Structures are given as structure tokens and as C-alpha cells.
Amino acid sequence: MKLFFLCIVLLISFKSIAQNTHANGAQKKAQQKIVDDYVHNCAKNYSFYQMNELQECLDEGLRKDPTIAYLWQQKAMPLFKMKKYEAGMVFCDKAVENDPYKWLSYRAYIKCVFAKTYREAIIDFEKCKEMIGNSYEMDHTYNFYIALSYLQLNEFSTAEAIFETDIAEQIEQQGEAHHLNLFYYGITLYEQNKWEQAIEEFDKAISQYENFSDAKVYKAFCLGRIGQEKRANDLLLEAKTDAKNGYTINEDNMIHEVYPYKVKW
């Protein structure tokens, strides 16, 4: 008798799982149709200079299903590009609310690079690390952005320690660290008057990106501080040529935001 009831319970459980799987599949299909209709076939017909039309497309989709996190993120993104950070963050928060695993690191990135609310960025990235470890957003680790945020808060020794750890992990995992990690690590040393150590890191960044004008400028500043004015002046001239030819910090969103310590000529 006990075996009979166990079999009945298992049968009901398997049936429930199958029904839920089917329901989830149907829901995803319905949501994808909404995304296709109101993002790909509507909103993407407009630039963020046509904000009203773009937003109306997305609002129509959200009226169909307000739980689709991607639609909320798409509402936020053009506002960020127009530097309307607070307005955009309202929608970005809704994206995170509906799908934190997908959009929390994106919100943290926006806070760090766009809105420049660094302490809030650190909080979000630390939450991301708790959820999935030190993963990546926009080609850089969460620890990269955490360290960059501390650098921008003038907490140089904290930023230095995090960059140092992150670089060591990248070298262990990939054989080398990203040149921008090396550059900003060098900046943390530069800000603490550790001229020779900073030069070493700028040299490492330049060895990967040989026309990296910004790294050459800060290296030149360090050389000047240790009495090598001739080398410093020659390097500044070289950096100016590189910058004129477009060799600077080369992140995708540079067209919308200036990254910290980018040299203005």
C-alpha cells in the first residue's frame, strides 16, 4: 500500500514538472514574440534622438508583459546615452528587479562608468560577486570596476590592492592581464608617488598596446619626477602623436563617456 501511494505521488510530481516546463517554454516563447515585435521591429527603428517614438514602442511591449527585464533595460539605455542618469536608473532598477542575475552587473557598470556613483557601484558589484563570483561585464572583471571605483574615490591603497589581486588572477587564468588593468594599477601607484613602480606597470601596458598615448603621458610624468626630463619630454611628444592618431583608451562606450585619467590635449 505504501509503495502504491509513493508511486502516485511520484507520478503527480513528474506530471507537475512536465506541466511547469511546458508552461515556462510557452511563456518564454510569448515573451520573445513581444521582444521581437516591440524592440527589434519597433524601437530599433529609432535612434535615441527620437526618444518619444522609441519609448512608446517599449511601453507597448511592457503593457503586454511588464515582467520582461530586457524591455526595462532597453528603456534605460538611451537615457544613459543622453546622460539622463537618474531618469534611466528608474528603468534599470526595474530590469534588475525582474532579472538580477542578468542585469545587476550591467547596473553596476552604468553606476561606475556612466553615472559615476562609485560607492553604489561597489555595492552592486560586491552583490554580483556573492551571486556568481568575480565574473565579467563589458570585457572587464567585477574587481576591475570595484578597484576603479575606489581609485575615483581617492582611496588609492585600496584600489592598488584590488588591481594587484585581479591582475594576478588574470595572469594565472589567461597568461596576461588586460592593458587597462595595468594602466589603472599604474595610476594607483602614480597617485601615491611610487614613481618607479608606476613606470613598470605603464611599461607593461605599453608592451601590449604600443601606441597607448595615455600610459605614455603618465609614464613621462613619472620620469620627470625622478629627474629624467629628456626622456620625459621625448615620450610626451611621442604620446601626442599617438593621441592625434586616435590611440587612446579604446573601450566601446568611449563615444558616450570619458574614462578616468584619459588625457585631454
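Heads up: these notes are all about the structure in this document. None of these values were measured; they are calculated from a predicted model.

1. Observations regarding the layout of surface pockets
Remark: the empty space left among the atoms is shown by a probe the size of a water molecule rolled over them.
Next up, step 1: In this model, the largest pocket occupies a volume close to 220 Å³.
Next up, step 2: Taken together, the elements giving at least two residues each to the lining of the largest pocket come down to helix 1 (2-40), helix 3 (69-81) and helix 5 (100-115).
Next up, step 3: Ranked by residue count, the leading element in the lining of the largest pocket is helix 1, at four residues.

2. Some words on the state of the cysteines
Next up, step 1: Following the criterion strictly, the structure yields one disulfide and no others.
Next up, step 2: C92 takes part in no disulfide bond, and the closest cysteine sulfur, belonging to C128, lies 11 Å away.
Next up, step 3: No disulfide involves C112; its nearest neighbouring cysteine sulfur is the one of C128, lying 12 Å away.

3. Topic: the nonpolar core
Next up, step 1: Counting 79 residues, the largest nonpolar core has F80, F183, Y184 and F202 as the members making the most contacts within it.
Next up, step 2: The greatest single-element share of this core, amounting to nine residues, is contributed by helix 5.

4. Re the side chain of D65
Next up, step 1: Along the chain, D65 turns up in the loop between helix 2 (51-64) and helix 3.
Next up, step 2: Here D65 sits buried without a salt bridge, and the closest side chain of opposite charge, K94, lies 11 Å off (N-O distance).
Next up, step 3: A polar contact of 2.6 Å, which involves the side chain of D65, links it to the side chain of T67.
Next up, step 4: D65 has contacts with Q31, I34 and L71, leaving out every residue within four places of it along the chain.

Definitions and cut-offs
Residues numbered from 1 in each chain as written. Predicted model: local features only at pLDDT ≥ 70, side-chain atom pairs only at ≥ 80, totals over all residues. Heavy atoms only, no water. 1 Å grid on protein atoms, 1.4 Å probe; cavity = no way out; pocket = protein on both sides within 12 Å on 5 of 7 lines; lining within 4 Å. Points joined across faces, edges and corners; volume = space filled by probe spheres on them. Helix = DSSP H or I, 4+ residues; strand = E, 2+ residues; numbered from the N terminus. Disulfide = S-S within 2.5 Å. Core = buried A, V, L, I, M, F, W, Y, C linked by side-chain atoms within 4.5 Å. Buried < 20%, exposed > 50% of the residue type's maximum accessible area, 1.4 Å probe, protein only. Lys, Arg positive; Asp, Glu negative; His and termini not counted. Salt bridge = Lys/Arg side-chain N within 4 Å of Asp/Glu carboxyl O. Polar contact = N/O pair within 3.5 Å; in protein donor to acceptor, adjacent residues only side chain to side chain. Contact = heavy atoms within 4.5 Å.

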